[in-house]
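Structural overview
The residues making up each chain are set out below.
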Amino acid sequence: MQLLDDVGLEALTLRTLAARLGVRAPTLYWHVKNKAELLDALADAIMDEAIATTPTPSAEEDSRLWLLAALSQFRTALLRHRDGARVVSGARYSMRRGDFTERAVATLVDHDVDLHQARLLVLAGERYTVGWVLEEQAPVPDTPETPDIEVEALKARFPMTTRAITEYFTVGRTADDLYEDIARLVLHLPPKNR
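Residues numbered from 1 in each chain as written. Predicted model: local features only at pLDDT ≥ 70, side-chain atom pairs only at ≥ 80, totals over all residues. Heavy atoms only, no water.

Description of the overall build of the protein
The condition that has to hold: Every helix listed is a DSSP run of H or I at least four residues long, and every strand listed is a run of E at least two residues long, numbered separately from the N terminus. Partly exposed residues are those whose accessible area sits between 20% and 50% of the maximum for their type, while under 20% is buried and over 50% is exposed, using a 1.4 Å probe and protein chains only. Accessible areas in this description were obtained via Shrake-Rupley with a 1.4 Å probe; residue shielding takes into account the shown protein chains only. Positive charges come from Lys and Arg, negative ones from Asp and Glu, while His and the chain ends are left out of the count. Working definition for charges: the position is that of NZ of Lys, CZ of Arg, CG of Asp or CD of Glu.
Secondary structure assignment for the protein yields 11 helices and 0 strands. Scanning the protein from its N terminus toward the C terminus, one meets helices and strands in the order α-α-α-α-α-α-α-α-α-α-α. Projected onto the principal axes, the alpha-carbon positions of the protein cover approximately 60 × 55 × 25 Å. Burial status across the protein gives 36% buried among its 194 residues. For the protein, the accessible area works out to roughly 12100 Å², and carbon and sulfur atoms hold 57% of it. Across the protein, the 23 positively charged side chains and the 30 negatively charged ones have centroids separated by 3 Å.

What follows is the structure in structure tokens.
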């Protein structure tokens, strides 16, 4: 995990991991067969962090609020590691991601949400969260130059969008608020009072 955080997913190979550990690559292959298996193990470790910090649901709590809290912890775990969303989204056999999903679906069903609806809510929430973090963790271009786009030209071309963005952030909202507000929409929760 430390190597992933240091070099990122693109530079993470079994050879670089072997070198970091001070062993030869064939020795490492005895424990980890290939990069896909390594990614599954990394995804499991990230999901362990999300699961460990997910609150225990209470019987009287709205299950959608609990799911929002669980998804927020999932997002935090993904953000804690460089390329965390890419690792988790690329892991094909992460049993811990399955554990997270199972707990979320079971919690919703225990709170009288229909099984089909519970599965769809959890799937939508998980995929929304991973997609959101993929954008948050997207690499910044190497060139320090920004495109030569005039703000006034953007306002003229996209008047409603720029107005909505300006109004949203003018009152002190953050990117974290935006994540939560959209998650509330996905989960059919009322907007948070501000």
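Details of the packing of helix α5 (residues 63–79) against helix α11 (residues 175–186)
When two helices pack together, their arrangement is given by the angle between their axes and by how far apart the axes lie. Definition in use: To get an axis, a line is fitted to the C-alpha atoms, and for a helix only the part in contact is used. The angle between two axes follows their N-to-C directions and goes from 0 to 180 degrees. Working definition: roughly parallel below 35 degrees, roughly antiparallel above 145 degrees, roughly perpendicular at 65 to 115 degrees, and oblique for all remaining angles. Crossings are assigned a handedness: left-handed for a near helix turned anticlockwise from the far helix by less than a right angle, right-handed for a clockwise turn. In this analysis, two residues are considered to be in contact whenever any of their non-hydrogen atoms come within 4.5 Å of each other. Polar here means any residue other than Ala, Val, Leu, Ile, Met, Phe, Trp, Tyr, Cys and Pro, which are nonpolar, and Asp, Glu, Lys and Arg, which are charged; Gly is therefore polar.
Contact geometry of α5 with α11 gives a least axis separation of 11 Å together with a crossing angle of 140 degrees. The angle between α5 and α11 places the two elements in the oblique class. Where α5 crosses over α11, the two elements pack in a sense that is right-handed. Across from L65, L68, L71, S72 and R75 in α5, the residues of α11 making contact are D176, Y179, E180, A183 and R184. The residue inventory of the contact of α5 with α11, partitioned by class, reads 5 nonpolar, 1 polar and 4 charged.

Here we look at α5
The line we're drawing: Any helix carries an expected span of 1.5 Å times its number of residues minus one.
Look at α5: 24 Å from first C-alpha to last across 17 residues, which is about the 24 Å you get at 1.5 Å a residue. Taken together, the buried positions of α5 are S63, W66, L67, L68, A70, L71, F74, R75, A77 and L78. On its buried face, α5 is in contact with α4 (35–53), α6 (84–90), α7 (95–110), α8 (115–136) and α11.

Re the packing of aromatic side chains
Here is the rule we go by: Here a pair means two rings of Phe, Tyr or Trp (six-membered ring of Trp) with centres within 6.5 Å. Their orientation is stacked below 30 degrees between planes, edge-to-face above 60, and tilted elsewhere.
Considering all chains together, one arrives at 5 aromatic pairs under this definition. One aromatic cluster is present, formed by Y128, W132 and Y179 through successive ring pairs.

Comments concerning the pattern of salt bridges
Keep this limit in mind: One speaks of a salt bridge when a side-chain nitrogen belonging to Lys or Arg is within 4 Å of a carboxyl oxygen belonging to Asp or Glu.
If you walk through the whole model with that rule in mind, you get 13 salt bridges. A salt bridge links R86 to E10; its shortest N-O distance comes to 2.5 Å. With R86 in helix α6 and E10 in the loop between α1 (2–7) and α2 (14–21), this residue pair connects regions lying 76 residues apart in the sequence. The salt bridge partner of K33 is E37, with a shortest N-O separation of 3.9 Å. A relative accessible area of 62% means that K33 is categorised as exposed. Taking the relative accessible area as the measure of exposure, E37 reaches 29% and is therefore partly exposed. Counted as one network, the salt bridges with shared partners bring together D48, R96 and D99.

Details of α7
Stated formally: The directions considered for the arc are those from the helix axis to the C-beta atoms.
Between its terminal C-alpha atoms α7 stretches 22 Å, which fits the 22 Å expected from 16 residues at 1.5 Å a residue. Among the residues making up α7, those that are buried are R97, F100, T101, A104, V105, T107 and L108. One side of α7 holds all its buried residues, which, seen down the axis, span an arc of 160 degrees. Opposite the packed face of α7, turned more than 90 degrees from it, sit the exposed residues M95, E102 and D110. After α7 finishes, the residue D112 shows a positive phi value of roughly 70 degrees.

Examining a nonpolar patch on the surface
Just so we agree on the cut-off: Patch building starts from residues that exceed 30% relative accessible area and form no salt bridge, then joins like charges within 9 Å and nonpolar side chains (Val, Leu, Ile, Met, Phe, Trp, Tyr) within 5 Å.
A contiguous nonpolar patch, built from I149, L154 and F158 and spanning about 260 Å² of accessible area, is present on the exposed surface. Looking at the secondary structure, you find L154 in helix α9 (residues 151–157). The exposure class assigned to L154 is partly exposed, which follows from its relative accessible area of 33%.

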